[in-house]
Amino acid sequence: MDQLPPPHLSPPVAAQLGAAQAALAGDPARAALLARAVVAAAPDHAPARLVLACALRLAGDAAGALAVIAPVAQARPDDPQAAAEWGQALLAAGDAAAAIAPLRLATRARPGLAVAWHALARALRATGDEHAAWHADAGAVAAASRDPLLVAAARAMVAGQADRCEALIRRFLDALPDDAAAIRLLGELAWRRGRGDEAIAHVARAVALAPGFEAARVFLTRMLVEADRLIEARDHADVLVARAPDEPGLLMLRASILVKLGEQDEARRIYEAMIATGGAPPPVWLNLGHVAKTLGLRDRAQSAFRGAIAAAPGLGEAWWSLANLKTVRLGEQDIAAMRAALPGAQGEDAFHLQFALGKALEDAGRDEAAFAAYETGNRLRRATLPWDADAAHARVAAQARLLSAGVPDTGGTLGDDAIFVVGLPRAGSTLVEQILGSHSLVEGTHELPAMMMLADRLAQRARAAGQTPEAAMAALSPDERRALGEDYLARAAVHRRSGRPRFIDKMPNNWQHLALIRLIVPRARIVDVRRHPMACGFSVWKQHFARGQAFSYDLGDIGRHYRDYVAMMAQADAVAPGMVHRVIYEALVADTEAHVRTLLTALDLPFEPGCLAFWQNDRAVRTASAEQVRQPIFTDGLDHWQRFAAWLGPLQQALGPVVAAWPAAPPDWRDWLDIA
């Protein structure tokens, strides 16, 4: 409560009242003892009675608090502090209905009294008036957010003064330990420090304390999505949308979570309904296009992307999304429209337009102009992304040495239902996933982030302990390995729908985590899908990825990354023969049935003809190859890269001996990874 002036008190008694106020937060029983002595010395001193009532309430004596505060509040009907304390005492005594009136009086008279808003929200919620309680939550947040301590804390956070920010928040919480705004701010501070779990815990508590704190719930939902805790995120999004069913931002947030959960049809219905109301912004059209593409609704996807372009002709992402429909060819009018939009394009629009223009020109057979557009798009995109090829190589080499040291086979059964499909993007992994996902015993999910997130968590823990990630992994106890394996499988289970006994994790980058896979899910199967390095490298370079793959915007970086990948897989073959089954894309295309049979045998799966009719599988596919795997295999593009060979020197030079050794690993792979 606020510091109260002590008029008409002698200096010793005034000092005693100050001591009582100071003791309220930490020792309310002592505060009550001190305040009672002040009231005995000055029975009509209203501020002293307020302190005594507050102390008694905090000490658990609600009846005593009511006896002290009721006469004061009734005698001072315009005093917001007296009304607030009376309302809190009534609430503590279990009379929520009676508490509402004095608390409303307090908040109207003094809107900045956060403690009164918090109590009013609790009282309203206890009487079943959830709607009004949400508004009271918002009032509490607004009041606390104007407090000088929290304003100073927010400024310190923006200035990068994390320690000062935390000290100010803690000081505020000493007086109001259940203030949702302060706790949410503590969560944001943890998030900025990279402490995701701690941030989620703080913000979840803020939302539990003030369910109507919508901004905190949105923040919590987004953090839960980032942490791949999608079921929890969906639950919070459902609450938000139920409260504001016509709010576009909340509808799009919910739809994006549904997409990640594989509930594409429900997401599509949300976007369609938003468009039907008229005036939907371009992102709604874009998202509808992406969902339609995932569902195999090519015409709907194309019309949605065209709808976004009609609403915003210079929207580069819409042009690239349209061009990235692999079966769509953009015509001369489209090329002219993109060129007209380029002079005014900035940021993402600029590089998206260049990638789309490159695809249109390539389809038109204008190879030199296409390459120039791709080159510009890659240069612009590369400038926005941090990528250190040397650091990436060092990480791969360290993982390879960990494999070389001998990752123990724990003999457990964890992971016997998991099939990892790994490799570089654009190498054919989506095709292999679609073939396997057409088997009656296998469920295709999508590119699951779970293994990468666990690896990041281990790396953070290692850095905090002054270790390398590899040392931390090597030191994992059997119980820790099992716990991590169970964590991975639980995260994967969120994306499983069919009840089939086995599932696919098609995150290509998991080749960098072979040691961790072997440690925590030792019975998982690994399928490596490999494509000719020049064909794969060029295809990666001309593809703009929505997220990740920062290596893919420079031909030299791509070559080095491909070489790291091949060497890592060779190390896995050397250390644990049979751990990885390799599929060569070109061989699969040339003799599909033979290689599908070999693949299924390697995975202990019986042959099923449906695996050869994979394009008839209507499962959702969320990669750049979504359309291509909905038609039979074709061979036209196998040597397509040779049309551009004259400009691909940097890629070939970076690949070095990998090209000559194809499809095997180059003879220098151990030296390349610095493995003795």
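What you see is a predicted model; the values in this text were computed from it and never measured.

Trainee: Mind showing me how you'd approach the pattern of salt bridges here?
Mentor: Opposite charge on two side chains lets them pair, provided their charged atoms get close. For the coordinates displayed, the defined rule picks out 39 salt bridges. Here Asp178 makes a salt bridge to Arg205, at a shortest N to O gap of 2.7 Å. With a gap of 27 residues between them, Asp178 in the loop between α10 (162–175) and α11 (180–192) and Arg205 in helix α12 (residues 196–209) connect regions that are remote in the sequence. The class for Asp178 is partly exposed, based on a relative accessible area of 43%. In this structure, the salt-bridge partner of Asp487 is Arg491, at a minimum N-O distance of 2.9 Å. Here Arg491 and Asp487 lie together in helix α27 (residues 478–493), a separation of four residues that amounts to about one turn.

Trainee: What am I meant to see in the pairing of strand β1 (residues 418–422) here?
Mentor: Sheet faces and side chains relate simply in a regular strand, where the side chains alternate between the two faces. Counting buried positions over the five residues of β1 gives five, a clear majority of the element. Residue alternation in β1 divides its side chains into two sets, Ala418, Phe420 and Val422 and Ile419 and Val421, and both sets are buried. Sheet topology note: the β1/strand β3 (residues 502–505) ladder contains three bridges and is parallel. Across the sheet, residue Ile419 finds its bridge partner in β3, namely Ile504.

Trainee: Even after reading the chapter, I still don't get the environment of Asp61, so can you show me in this structure?
Mentor: If you trace the backbone, Asp61 turns up in the loop between α3 (46–58) and α4 (62–75). Taking the relative accessible area as the measure of exposure, Asp61 reaches 34% and is therefore partly exposed. Sequence spacing of Asp61 and Ala464 is 403 residues, and the spatial spacing of their C-alpha atoms is 45 Å.

Trainee: Help me out: how do you make sense of the environment of Ala227 in this one?
Mentor: Within the fold, Ala227 resides in the loop between α13 (214–226) and α14 (230–243). The sequence separation of Ala227 and Asp197 amounts to 30 residues, and the corresponding C-alpha distance is 8.4 Å. In this structure Ala227 touches Ile200, Met453 and Arg491, once residues within four positions along its chain are discounted.

Trainee: Sorry if this is basic, but what is going on with α11 here?
Mentor: Side chains three or four residues apart in an α-helix point the same way, a direct result of the helix having 3.6 residues per turn. Its 13 residues give α11 an end-to-end C-alpha distance of 18 Å, which sits within 8% of 18 Å, the value for a rise of 1.5 Å per residue. Counting buried residues in α11 gives 11 out of 13 residues, a clear majority hidden from the surface. Among all positions of α11, only Ala180, Ala181, Ala182, Ile183, Arg184, Leu185, Leu186, Gly187, Glu188, Leu189 and Ala190 are buried. Those residues of α11 hidden inside the fold are in contact with α7 (114–126), α8 (130–145), α9 (148–158), α10, α12 and α13. Remark: Gly194 follows α11 within two positions and exhibits a positive phi of approximately 80°.

Trainee: Explain the confidence of the model for the protein to me, please; I cannot follow it from the model alone.
Mentor: Per-residue confidence for the protein gives a mean pLDDT of 90, with 94% of residues at or over 70. Segment residues 1–6 is flagged for pLDDT under 50; beyond a separation of four residues in sequence, or across chains, it makes 19 contacts in the model. Segment residues 621–631 is flagged for pLDDT under 50; beyond a separation of four residues in sequence, or across chains, it makes 49 contacts in the model.

Trainee: Explanation requested: the sheet that holds strand β4 (residues 525–530) in the structure shown.
Mentor: The strands making up a sheet associate through backbone hydrogen bonding, with each pair oriented either parallel or antiparallel. Taking strand neighbours across the sheet as the criterion, the five strands line up as β2-β3-β1-β4-β5 in an open arrangement whose pairing is parallel. The sheet is open, and its two borders are formed by β2 (442–444) and β5 (580–584), each paired with just one other strand. Along the sheet, successive strands turn relative to each other by an average axial angle of 25°, direction set aside. Relative to β5, β4 runs parallel, the two being bridged by five bridges. By the bridge assignment for β5, Val527 is matched with His581. Packing of helix α30 (residues 555–575) onto the sheet brings it into contact with β1, β4 and β5, and relative to β4 it is tilted by some 140°.

The rules behind each value
Residues numbered from 1 in each chain as written. Predicted model: local features only at pLDDT ≥ 70, side-chain atom pairs only at ≥ 80, totals over all residues. Heavy atoms only, no water. Salt bridge = Lys/Arg side-chain N within 4 Å of Asp/Glu carboxyl O. Helix = DSSP H or I, 4+ residues; strand = E, 2+ residues; numbered from the N terminus. Buried < 20%, exposed > 50% of the residue type's maximum accessible area, 1.4 Å probe, protein only. Pairing = 2+ DSSP bridges. Contact = heavy atoms within 4.5 Å. Expected span 1.5 Å × (residues − 1). pLDDT = per-residue confidence, 0-100. Axes fitted to C-alpha atoms, helices over the stretch in contact; angles between N-to-C directions.

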